[in-house]
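Chain by chain, the residues run as shown.
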Amino acid sequence: QVQLVESGGGLVQAGGSLRLSCAASGQFVSSYTMGWFRQAPGKEREFVAVVRWSGGVTNYADSVKGRFTISRDNAKNTVSLQMNSLQPEDTAVYYCRARYLTETALFARSSDGYWGQGAQVTVSS
């Protein structure tokens, strides 16, 4: 099993930046592809970004490309999401997720695996 704990959410003005972190614990964490999803009020949960277990491959939703950057530190069992140029439409609860040895494309369109409790990100206009 893998446990995931997000941190770093908050309130920011449009155009600002936030950095989310996800701390993972459990066995073989470095073998898990990890990423972020988000869910805005009244909307379905959607894929945001993913980094392969090896750390060499990343993928992003079109809506965040060029603004968000995902990274992982396998020595510290953490994955981070740097969010720049935030807009009100980025307001959502952001969830960290982990899935064992999964290619990034499958990770983006699946929903099983392990999930964190979520972190609120609010962007004011």
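The coordinates are above.
Not measured: the values here are computed from a predicted model.

This next bit is on a nonpolar patch on the surface. Together, F28, Y100 and L101 make up a nonpolar patch on the protein surface, roughly 340 Å² of accessible area in all. As for its position among the elements, Y100 is in strand β9 (residues 92-100).

Spatially, β1-β3-β8-β7 is the arrangement adopted by the four strands of the open sheet, whose pairing is antiparallel. Unpaired on one side and paired on the other, β1 (2-7) and β7 (68-73) mark the two borders of the sheet. The average angle at which neighbouring strand axes cross in this sheet is 15°, direction not considered. With six bridges connecting them, β7 and strand β8 (residues 78-83) associate as antiparallel partners. Bridging across to β8, D73 finds its partner in T78.

Basis of the calculations
- Residues numbered from 1 in each chain as written.
- Predicted model: local features only at pLDDT ≥ 70, side-chain atom pairs only at ≥ 80, totals over all residues.
- Heavy atoms only, no water.
- Patch = residues over 30% accessible without salt bridge, like charges linked within 9 Å, V, L, I, M, F, W, Y side chains within 5 Å.
- Areas by Shrake-Rupley, 256 points an atom, 1.4 Å probe, with all protein chains shown as cover.
- Salt bridge = Lys/Arg side-chain N within 4 Å of Asp/Glu carboxyl O.
- Helix = DSSP H or I, 4+ residues; strand = E, 2+ residues; numbered from the N terminus.
- Pairing = 2+ DSSP bridges.
- Axes fitted to C-alpha atoms, helices over the stretch in contact; angles between N-to-C directions.

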